[in-house]
Amino acid sequence: MKEKIYIVEDEIDILELLCLNLESAGYRARGFDTALSMLKRLDHDPPDLLILDLMLPDMDGFEVCKKLKSEPEHARIPIIMLTARIDLEDKIKGLDYGADDYITKPFENDELQARLRAVLRRASWEAEKNVLQISPDFKLDFNRFEAFLEQKRLDLTLTEFKILQILTKRPGWVFSRNQILDLLWGTDKIVIERTVDVHIKNLRDKIDKYSGMIKNVRGLGYKFEPITEEDGETHG
Ligand code: CA
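Here the structure is a predicted model, which is why all the values come from computation and not from measurement.

Parameters at a glance
- Residues numbered from 1 in each chain as written.
- Predicted model: local features only at pLDDT ≥ 70, side-chain atom pairs only at ≥ 80, totals over all residues.
- Heavy atoms only, no water.
- Domains from an automatic or database assignment.
- Contact = heavy atoms within 4.5 Å.
- Buried area = accessible area lost by both parts, 1.4 Å probe.
- Polar contact = N/O pair within 3.5 Å; in protein donor to acceptor, adjacent residues only side chain to side chain.
- Nonpolar A, V, L, I, M, F, W, Y, C, P; charged D, E, K, R; others polar.
- Donors = N, O, S within 2.8 Å, 3.2 Å for Na, K, Ca; no water.
- Helix = DSSP H or I, 4+ residues; strand = E, 2+ residues; numbered from the N terminus.
- Expected span 1.5 Å × (residues − 1).
- Buried < 20%, exposed > 50% of the residue type's maximum accessible area, 1.4 Å probe, protein only.
- Pairing = 2+ DSSP bridges.
- Axes fitted to C-alpha atoms, helices over the stretch in contact; angles between N-to-C directions.

Considering the domain arrangement of the protein chain
Per the domain assignment, the segments of the protein chain are domain 1 (4-127) and domain 2 (131-224). Averaged C-alpha coordinates put domain 1 and domain 2 at centres separated by 32 Å. Between domain 1 and domain 2, the contact holds six residues from the first and five residues from the second. Buried area between domain 1 and domain 2, both sides added, is near 580 Å², and the carbon and sulfur share of it is 49%. Together, E73, R76 and A127 form the three largest contributors to the area buried by domain 1 at its contact with domain 2, with a combined 71%. Linking domain 1 with domain 2 are zero residue pairs in polar contact (both at pLDDT 80 or more), by the criterion used here. Taken together, the residues of the side of domain 1 that touches domain 2 sort by class into two nonpolar, no polar and four charged.

As structure tokens, then:
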């Protein structure tokens, strides 16, 4: 599948040129002229890479970068910063904020393409390390916060995915409802322990034939136990 690249750039000529160049290099490109319009789309349709201009009308590119890199569900999206500034200090600042690479305007298309390929290659190595194959047809992708069952992406909420992440990190360990809430929301939590049961019930429904892997330990909490086919277990 073609990689999806988002470009945020308020200079429309440059934006159109970038989209055109990327499309002709075989990527799917989508341009945004403000940071907010891109951020709005990000949650339900994340890209494989983001090209981000620093000087934007609505937000500072550094702030956009810092924000994304601090959010676990977006931190894995590689960012190439694009800027007219040639200041070394700015380059260092961008990299400190977690940008993966830097291009100074005006740039050569060949250089941009080469850097893009390098960043995408690095990202895909990273991605491979972050996949948990629970069984041959059930896997969790911690970069994308997505779970796949029989080749299909499960429609999990972020909270459901995070619960799955918590439980699968230590198979066999029992987590109390309160521990799960702490790991989900830290000290900010305003929800009650019953909330965990509701999320787990929905999660079990969605993971369908593997629902038995999430076990309720009476009086204590929940644990995750992978089921091998020989076990022949169904529900716990
Ligand atoms: Ca600009």
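The discussion continues.
Examining the coordination of the calcium ion
Protein coordination at the calcium ion comes from D10 (OD), D53 (OD) and M55 (O), with a distance range of 2.1 to 2.3 Å. Of note, the donors binding the calcium ion are all from one chain and are spaced D-x42-D-x1-M.

What to know about helix α6 (residues 158-169)
Along its twelve residues, α6 runs 16 Å from first to last C-alpha, staying within 8% of the 16 Å computed at 1.5 Å per residue. Among the residues of α6, T159, E160, F161, I163, L164, I166, L167 and T168 are the ones counted as buried.

Remarks on the sheet that holds strand β8 (residues 146-149)
Spatial strand order, β6-β7-β8-β9: four strands in an open sheet with antiparallel pairing. Of all the strands in the sheet, just β6 (131-135) and β9 (152-153) have a single pairing partner and so form its edges. Here strand β7 (residues 138-141) pairs with β8 via four bridges, running antiparallel. Bridging from a neighbouring strand, K139 pairs with F148 of β8.

A look at unusual backbone geometry
Among all residues except glycine, the phi angle is most often negative; among peptide bonds, the trans geometry is most common. In this chain, K105 is followed by P106 through a cis amide linkage whose omega measures -5°. Relative to the elements of secondary structure, P106 occurs in the loop between β5 (101-104) and α5 (109-129). Residues other than glycine seldom take positive phi values, yet E150 does so here, at roughly 50°. Mapping E150 onto the fold places it in the loop between β8 and β9. Of the residues examined, E150 reaches a relative accessible area of 43% and is grouped as partly exposed. Even without being a glycine, Q151 presents a positive backbone phi close to 70°. Along the polypeptide, Q151 turns up in the loop between β8 and β9. Judged by its relative accessible area of 77%, Q151 is exposed.

Comments concerning the sheet that holds strand β1 (residues 4-8)
On the basis of which strands lie adjacent, the open sheet formed by five strands has the order β2-β1-β3-β4-β5 and parallel pairing. Each edge of the open sheet carries a strand with a single partner, namely β2 (28-32) and β5. On average, each strand axis in the sheet is tilted by 20° relative to the strand beside it, whichever way the strands run. Where strand β3 (residues 49-53) meets strand β4 (residues 79-83), four bridges bridge the pair, whose relative direction is parallel. Looking at the pairing, L52 lines up with M81 of β4. Set on the sheet, helix α2 (residues 35-42) makes contact with β1, β2 and β3; between it and β1 the angle comes to about 150°.

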